[in-house]
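Secondary and tertiary structure notes
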Amino acid sequence: MKTELLIQNKITGQIWECSNSVTTVSWETQRTDSPGKLTFTLIKSGDISFWEGDVVRFSMDGQLQFYGWVFTKSKDRWGVIEVTCYDRLRYFKANASYSFYGQTAGQIIQQIAADLQVDVGAIADTGYAIPSVVEEDQSCFDIIGSAVQHTLLNTGDIYVFYDDGNGVALQRPQDMISNVLIGDMSLLTDYTYKTDIDSQTYNSVKLARPNEETGRADVVIAQDSANIAQWGLLQLYQTVDGDVNTAQMQAQAEATLQYYNRRLRTLSVESLGVPGLRAGQMVLMKVQGLGDINLDQYVLLERVTHTWENEQHTMTFETMAI
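Here is a short report on the structure shown in this document. (Residues numbered from 1 in each chain as written. Predicted model: local features only at pLDDT ≥ 70, side-chain atom pairs only at ≥ 80, totals over all residues. Heavy atoms only, no water.)

1. Observations regarding the overall build of the protein
Counting its regular elements, the protein contains four helices and 21 strands. Projected onto its principal axes, the C-alpha coordinates of the protein cover approximately 75 × 50 × 35 Å. When each of the 322 residues of the protein is scored for burial, the buried share is 46%. Contacts in the protein between residues at least 24 apart in sequence constitute 65% of all its contacts with a sequence separation of at least 6. A total of about 16,100 Å² of accessible surface is found on the protein, and carbon and sulfur atoms cover 44% of it. Averaging the positions of the 23 positive and the 40 negative side-chain charges in the protein gives two centres separated by 4 Å. (Helix = DSSP H or I, 4+ residues; strand = E, 2+ residues; numbered from the N terminus. Buried < 20%, exposed > 50% of the residue type's maximum accessible area, 1.4 Å probe, protein only. Contact = heavy atoms within 4.5 Å. Areas by Shrake-Rupley, 256 points an atom, 1.4 Å probe, with all protein chains shown as cover. Lys, Arg positive; Asp, Glu negative; His and termini not counted. Charge placed at Lys NZ, Arg CZ, Asp CG, Glu CD.)

Structure below.
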């Protein structure tokens, strides 16, 4: 395993290769609502000098793991520097107001990225034009998250917004499948298996649309009577735009119910590190005797944290519902 950590001072243009001075590196990604984050501990030596906003590039065996910028650093009396860096998604924390009509999530991302002067990478065509997205003084993360959620509820397809190293990207997890196997006798060192109907489970979906003529909301409901009898009524209530017709409301309610009407199974995993593996990807897992199931399928990664320390590469990750 050979790691390389480069820091470039924007003012002078000087580049330092710091891997020999770094004691630990951690790279964390989440599937939604968060930029990729790199943290590292550096023992100051020689003439190294860098500032907030300087460029950081971290690679393993020649494969890029992280590209981003220094946002915070702290130093103790012994010259030990703790550094936190973020990728391009950090700039989407900015608040803004937008109105989009008949545009796809990818087109919305491209417009916002252009306004924020952020590079754009691979953007998938979702094939779904959102009737309207009107947001006032919201974070760009939330605006894009709303567009991605609209796409999910109307197409059934999950899309991941992330930084692919060249720019911000939008892809389906099934187009980001890892070629590794994690499980019994393959990288896995420990796991915690959890089942619940508490956090993101709904067996009844009620959608309401404002009606200016009647002064009351038009409502459609999709529900699963069998699961209501088993779990009790777990209802999700959402409002939709007035431009959405009743047939579209019903289709959205059915798609939403199909997505949320399930008992959640999730895994928290410790394993040996897989270079480049990030949240939003899918990876094949095989674990016998997991609990109520024998796991042998692709899982979607919700959060992934890599750690490089003492010449070892390990990682932890959490899966989306299995």
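2. A few points about the environment of Val299
Tracing the backbone through its elements, the reader meets Val299 in strand E20 (residues 295-309). The exposure class of Val299 is buried, given its relative accessible area of 3%. For Val299 and Thr266, which are 33 residues apart along the polypeptide, the C-alpha to C-alpha distance reads 9.4 Å. Those residues in contact with Val299 that lie beyond four places of it in its chain are Gln281, Met282, Val283, Met285, Thr319 and Ile322.

3. Remarks on the packing of helix H1 (residues 105-116) against helix H2 (residues 140-155)
Look at H1 against H2: their axes get within 9 Å of each other, and the N-to-C directions meet at 170°. The orientation of H1 relative to H2 falls into the category roughly antiparallel. Two secondary-structure elements touch here, H1 through Ala105, Ile108, Ile109, Ile112 and Leu116 and H2 through Cys140, Ile143, Ile144, Ala147, Val148 and Thr151. Considering only residue class, the contact of H1 with H2 consists of ten nonpolar, one polar and no charged. (Axes fitted to C-alpha atoms, helices over the stretch in contact; angles between N-to-C directions. Parallel < 35°, antiparallel > 145°, perpendicular 65-115°, else oblique. Nonpolar A, V, L, I, M, F, W, Y, C, P; charged D, E, K, R; others polar.)

4. Some thoughts on helix H4 (residues 246-260)
For H4, spanning 15 residues, the distance from its first C-alpha to its last is 21 Å, which sits close to the expected 21 Å at 1.5 Å a residue. The set of residues buried in H4 consists of Met249, Gln252, Ala253, Thr256, Leu257 and Tyr260. Take H4 and look down its axis: the buried residues cluster within an arc of 135°, on one side only. Exposed residues lying more than 90 degrees from the buried face of H4 are Ala247 and Gln258. The inward-facing, buried residues of H4 abut H2, strand E15 (204-210), strand E16 (217-223) and strand E17 (235-239). (Expected span 1.5 Å × (residues − 1). Arc of directions from axis to C-beta.)

5. Side note on the layout of surface pockets
Rolling a probe over the atoms, with the probe sized like a water molecule, indicates the empty space that remains. Considering only enclosed or pocket space, the largest pocket measures out at about 790 Å³ in volume. Lining of the largest pocket is provided by 32 residues; of these, Arg31, Thr32, Asp33, Tyr259 and Glu302 occupy positions nearest its centre. Within the residue set of the lining of the largest pocket, elements represented by two or more residues are H2, strand E11 (160-163), strand E14 (188-196), H4, strand E18 (264-272) and strand E21 (312-319). Among the elements that make up the lining of the largest pocket, the one with the highest residue count is H2 (eight residues). If you go around the second largest pocket, you meet 20 residues; those closest to its centre are Ile158, Tyr259, Leu300, Met320 and Ala321. Of all the secondary structure elements, the ones that give two or more residues to the lining of the second largest pocket are H4 and E20. Sorting elements by how many residues they give to the lining of the second largest pocket places E20 first, with four residues. (1 Å grid on protein atoms, 1.4 Å probe; cavity = no way out; pocket = protein on both sides within 12 Å on 5 of 7 lines; lining within 4 Å. Points joined across faces, edges and corners; volume = space filled by probe spheres on them.)

6. Some words on H1
Taking 1.5 Å of rise per residue, the twelve residues of H1 would be expected to cover 16 Å, and the 16 Å separating its terminal C-alpha atoms lies within 8% of that figure. Along H1, the positions that sit buried rather than exposed are Ala105, Gly106, Ile108, Ile109, Ile112 and Ala113. The buried side chains of H1 occupy one side of the element, clustering within an arc of 155° when seen end-on. On its buried face, H1 sits against strand E8 (95-103), strand E9 (120-123), strand E10 (130-139), H2, E11 and strand E12 (168-171). Looking one or two residues past H1, Gln117 carries a phi angle of roughly 60°, positive in sign.

7. Details of the nonpolar core
Of all hydrophobic cores here, the largest spans 25 residues; its most connected members are Phe92, Ile112, Phe161 and Val168. The set of elements that each furnish at least two residues to this core consists of E8, H1, E10, H2 and E12. Sorting elements by how many residues they give to this core places H2 first, with six residues. If we skip the residues at most four places from it in the chain, Phe92 touches Ile112, Ala113, Leu116, Val118, Ser139, Cys140, Phe141, Ile144, Phe161 and Val168. The next biggest cluster of nonpolar side chains, apart from the first, holds 21 residues, and it includes Trp16, Val25, Ile81 and Cys85. (Core = buried A, V, L, I, M, F, W, Y, C linked by side-chain atoms within 4.5 Å.)

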